[in-house]
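# Coordinates in review
Spelled out, the chains give:
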Amino acid sequence: MASEDSLSSNPLLQNFDFPPFDSVDAHHVRPGIRALLQQLEAELEQLEKTVEPSWPKLVEPLEKIIDRLSVVWGMINHLKAVKDTPELRAAIEEVQPEKVKYQLRLGQSKPIYNAFKAIRESPDWKSLSEARQRLVEAQIKEAVLSGIALEDDKREEFNKIEQELEKLSHKFSENVLDATKKFEKLITDKKEIEGLPPSALGLFAQAAVSKGHENATADTGPWLITLDAPSYLPVMQHAKNRALREEVYRAYLSRASSGDLDNTAIIDQILKLRLEKAKLLGYRNYAEVSMATKMATVEKADELLEKLRSASWDPAVQDIEDLKSFAKNQGAAEADSLTHWDITFWSERLRESKYDINEEELRPYFSLPKVMDALFGLAKTLFGIDVVPADGVAPVWNSDVRFYCVKDSSGNPTAYFYFDPYSRPSEKRDGAWMDEVFSRSRVMAQKGSSVRLPVAQMVCNQTPPVGDKPSLMTFREVETVFHEFGHALQHMLTKEDEGLVAGIRNIEWDAVELPSQFMENWCYHRDTLMSIAKHYQTGETLPENVYKKLLAARTFRAGSLSLRQLKFATVDLELHTKYMPGGTETIYDVDQRVSIKTQVIPPLPEDRFLCSFSHIFAGGYAAGYYSYKWAEVLSADAFSAFEDAGLDDIKAVKETGQRFRNTILALGGGKAPLKVFVEFRGREPSPEPLLRHNGLLAASA
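Rules behind the numbers
- All chains use their own residue numbering, which begins from 1 and follows the written sequence.
- Thresholds applied to this predicted model are a pLDDT of at least 70 for local features of residues and 80 or more for the giving and counting of side-chain atom pairs; totals over whole chains, interfaces and linings are not thresholded and use all residues.
- The side-chain numbers reported here are obtained from all heavy atoms of the structure, hydrogens and water having been left aside.
- UniProt positions are given in the numbering used here, feature names are shortened, and annotations may be inferred rather than shown by experiment.
- Each helix is a run of H or I in the DSSP string that is no shorter than four residues. Each strand is a run of E no shorter than two, and both are numbered from the N terminus.
- Note on classification: 1.4 Å probe, protein chains only; a residue is buried when its accessible area is under 20% of the maximum for its type, exposed when over 50%, partly exposed between these limits.
- A pair of aromatic rings is counted whenever rings of Phe, Tyr or Trp (Trp by its six-membered ring) have centres within 6.5 Å, and the orientation is called stacked for planes under 30 degrees apart, edge-to-face for over 60 and tilted otherwise.
- Each axis is a line fitted through C-alpha atoms, taken for helices only over the stretch in contact, and angles between the N-to-C directions span 0 to 180 degrees.
- Any angle from 65 to 115 degrees is called roughly perpendicular, while one under 35 is roughly parallel, one over 145 is roughly antiparallel, and all others are oblique.
- Crossing handedness: left-handed means the near helix sits turned counterclockwise from the far one by under a right angle, and right-handed means the same turn made clockwise.
- Here a residue-residue contact requires only that any non-hydrogen atoms of the pair lie within 4.5 Å.
- Ten residues, namely Ala, Val, Leu, Ile, Met, Phe, Trp, Tyr, Cys and Pro, are considered nonpolar, four, namely Asp, Glu, Lys and Arg, are considered charged, and the remaining ones, Gly among them, are considered polar.
- Salt bridge, as used here, is a side-chain nitrogen of Lys or Arg placed within 4 Å of a carboxyl oxygen of Asp or Glu.
- Patch definition: residues with relative accessible area over 30% and no salt bridge; like charges joined within 9 Å; nonpolar side chains (Val, Leu, Ile, Met, Phe, Trp, Tyr) joined within 5 Å.
- Exposure was quantified through the Shrake-Rupley algorithm and a 1.4 Å probe, taking into account, for residues, occlusion by the shown protein chains and nothing else.
- Neither His nor the chain termini are counted; the positive set is Lys and Arg, and the negative set is Asp and Glu.
- To locate a charge, take NZ of a lysine, CZ of an arginine, CG of an aspartate or CD of a glutamate.
- Among the buried residues, those of types Ala, Val, Leu, Ile, Met, Phe, Trp, Tyr and Cys that are joined through side-chain atoms within 4.5 Å form a nonpolar core.

The name an unreviewed UniProt entry assigns to the chain is oligopeptidase A, from the organism Arabidopsis suecica. Here the chain is described in UniProt, under the heading Catalytic activity (unreviewed entry), as follows: "Hydrolysis of oligopeptides, with broad specificity. Gly or Ala commonly occur as P1 or P1' residues, but more distant residues are also important, as is shown by the fact that Z-Gly-Pro-Gly-|-Gly-Pro-Ala is cleaved, but not Z-(Gly)(5)." Looking at the chain in UniProt, the text filed under Sequence similarities (unreviewed entry) is "Belongs to the peptidase M3 family."

### Observations regarding the UniProt feature "domain: Oligopeptidase A N-terminal" (unreviewed entry) in the chain
The feature "domain: Oligopeptidase A N-terminal" (unreviewed entry), as given by UniProt, occupies residues 33-155 in the numbering adopted here. From the first C-alpha to the last, residues 33-155 spans 29 Å; its make-up is 81% helix and 0% strand.

### As for unusual backbone geometry
Among all residues except glycine, the phi angle is most often negative; among peptide bonds, the trans geometry is most common. With an omega dihedral of -5°, the bond running from Gly 221 to Pro 222 counts as a cis peptide bond. Here Pro 222 shows up in the loop between helix H8 (198-210) and strand E2 (223-225). Phi at Ala 256 is positive, roughly 55°, even though this residue is not glycine. Looking at the secondary structure, you find Ala 256 in the loop between helix H10 (242-253) and helix H11 (264-280). Assessed through its relative accessible area of 3%, Ala 256 is described here as buried. In this structure, Ala 623 takes a positive phi of about 50° despite not being glycine.

### Some remarks on the packing of aromatic side chains
Enumeration over the complete set of coordinates arrives at 40 aromatic pairs. Look at Phe 475 and Tyr 524: their rings are 5.3 Å apart centre to centre, the planes differ by 85°, and that puts the pair in the edge-to-face class. Linking Phe 475 in helix H17 (residues 475-492) with Tyr 524 in the loop between helix H18 (514-521) and helix H19 (526-532), this pair joins segments that are 49 residues apart in sequence. With respect to class, Phe 475 is no different from Tyr 524; both count as buried. Seen in terms of ring centroids, Phe 642 and Phe 680 are 6.5 Å apart; in terms of plane orientation they differ by 35°. Their pairing is tilted. Of this pair, Phe 642 sits in helix H24 (residues 627-645) while Phe 680 sits in helix H26 (residues 673-681); the two residues are 38 residues apart in sequence, bridging distant segments of the chain. By the burial criterion, Phe 642 is buried, and Phe 680 matches it. A network of ring pairs unites the aromatic residues Phe 383, Phe 518, Trp 522, Phe 639, Phe 642, Phe 660 and Phe 680 as a single cluster.

### Topic: the packing of helix H16 (residues 368-383) against H17
A pair of packed helices is captured by two measures, namely the crossing angle of their axes and the spacing between those axes. Where H16 contacts H17, the two axes come as close as 11 Å, and the packing angle between them is 40°. Between H16 and H17, the interaxial angle falls into the category oblique. Crossing handedness for the pair H16 and H17: right-handed. Facing Val 371, Met 372, Leu 375, Phe 376, Leu 378, Ala 379 and Phe 383 of H16, the residues of H17 in contact are Val 478, Val 481, Phe 482, Phe 485 and Leu 489. In terms of residue class, the contact of H16 with H17 is made up of 12 nonpolar, no polar and no charged.

### Some words on the pattern of salt bridges
For side chains of opposite charge, pairing can occur when their charged atoms come near one another. Tallying each qualifying case throughout the model produces 55 salt bridges. Glu 544 is paired through a salt bridge with Lys 548; the nearest N and O atoms lie 3.6 Å apart. One end of the pair, Glu 544, and the other, Lys 548, are both in helix H20 (residues 544-554), four residues apart, so they sit about a helical turn from each other. Arg 593 is the partner of Glu 585 in a salt bridge, and the nearest nitrogen-oxygen pair spans 2.7 Å. Through salt bridges with shared partners, one network takes in Arg 30, Arg 34, Glu 94 and Glu 98.

### Structural notes on a negative patch on the surface
A cluster of acidic residues, Glu 151, Asp 152, Asp 153, Glu 156 and Glu 157, forms a negative patch at the surface. In this structure, Glu 156 sits in helix H7 (residues 152-182). A relative accessible area of 54% means that Glu 156 is categorised as exposed.

### Observations concerning the packing of helix H21 (residues 558-577) against helix H22 (residues 587-598)
Two elements in contact, H21 and H22, have axes separated by 9 Å at closest approach and are oriented at 140°. Viewed along their axes, H21 and H22 adopt a mutual orientation that is oblique. In this structure, H21 meets H22 at a crossing whose hand is right-handed. In contact with Leu 563, Leu 566, Lys 567, Thr 570, Val 571, Glu 574 and Leu 575 of H21, H22 contributes Ile 587, Val 590, Asp 591, Arg 593, Val 594, Ser 595 and Thr 598. Here the residues of the contact of H21 with H22 sort into seven nonpolar, three polar and four charged.

### Section: the nonpolar core
Nonpolar side chains in soluble globular proteins generally cluster together in the buried interior. With 167 residues, the main nonpolar core has Phe 383, Phe 417 and Phe 485 as its most contacted residues. With 11 residues, helix H13 (residues 298-329) is the largest single contributor of residues to this core. Those residues in contact with Phe 383 that sit more than four places away from it in its chain are Leu 489, Leu 493, Phe 518, Met 519, Gly 657, Gln 658, Phe 660, Arg 661 and Leu 665.

Here it is, written out as structure tokens:
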């Protein structure tokens, strides 16, 4: 056990206004987390002894426990993502099971569950605010879905199923990884890889070096092709060698479908156990379990997928026709019989000829300081807030990290956020994300204030500035910053004081992308984009024809891309509703049946894409893949409110922005998302704006 001394100085256990990111070290993790869990275990035991079905005797002490754990664990988890070291990783790995065990114990606490049920059944229920009712119902639902309401023997069976599913999805992932690694194709003749860009050749040579061909170079080879995405995609997009494309495509499509890495039986077992779990919980199938915590229902999701599918079909057929005639004009022998391994290649050629946008050449127009100024300017116009630098107010984990204060129109702080923009490959994971540091909360307010203000962090991975040259971004990175800021705004501008349903907490999973995707739409809005896109040296604005190309490229092959997502979503729902494990139909029959309506070129009979469909068998998307489209519908429709008001009418834009702020950004998880949406839009969501933005509306009219 760590000595009392060292514990009293452990930064994880101090009270702080902002997390001491600059002073937490790997050696604080084991003693700090263990001491914290011990404290929280004592608090939980105390709560279970004294709990009563009231806010002060149940929700407030519970929120304090949940908050303390999420703030402290969030702090070390964040450091692992942005300032990783082997020591930190090892320490977190060691205490993680202890933390998970505590969370399960908290989630399956009978006294807490019974107290929430008593509130739900009490005569005062009707007089609780909507947010408080949502909080109680969410706690009960979460407990029920974790098996708490089951009789002892059934509960044991339930826990067994949970552990078995955990194991199976782990094994599924490992098989996909191992099967992906297993394929290697060494190429020594440069003619065989004609068409591939230097970046890809460099990657293939590097792969060859790592497999013992120490003299491999990008220029002279040998080159090693693998099935990792950065290797697979360039081959499908750029390799002129059709036989090579076919070989790589077939290998990719049959990953983890044979031998000792075969996922077929694992998928069947996963689907069988999910169905058993659903039945134990009193649902007809697993999709109903998934929808229990989402905005959609199985019927509504099906209906939406079908609407989008019928609007996308003809444009997708046209896409293939366009490719055929383009390939024919280019004198391609395969023009009349284009198939799976030709589509990506010819789409790439067609895209180059129509909208030749070179991402790299656009970078000078998107410098990070200009992009952030424009983003904060947009937020001021739409939501009446000021974002002001507050560097030095809070400790940071790296000198590049910026700290900002968000002020309302009367100049009062409403939130704070950290922004960590640049890539640091040696210690920071890739990608971009937003996370909460503190949620807005009445219970957690410090003495003298009525509420604790929300604090967020935004992390990106852009090229760092070099000398006096600022960080220059691709257009995709600009969209990403807008996207993450959308999430941050919903966390920061919440007006909800019940910590457990404030900001992004308790928002149904298929609605959570609404504000982020909504913000992305502004990147295509002419005035917004032109205010960002100024050359960092000359100050000249992005040429008009480039803007037109960016706009047009957005809808290029929209029908085909839409169908692809719809196929994934439909097969996912089908397997979790109608499919009977061990019945007459195999999983591959289901896939082929769905594909007839969702793929213009039918899949190969030996297509085994399901064996590597990790989203639904090893990720959080089981009976949830439809959420991608669901959220796109919501965000496009929300943006269309601004289009209806008139994007050039500044007064109308401000009024609509204020309404968006007071509904979608303010109400948090305290109100059902459909109600929130209707309050903003005046009606239920419609898929039309999404189809229009994707250039698919004429087809369905």
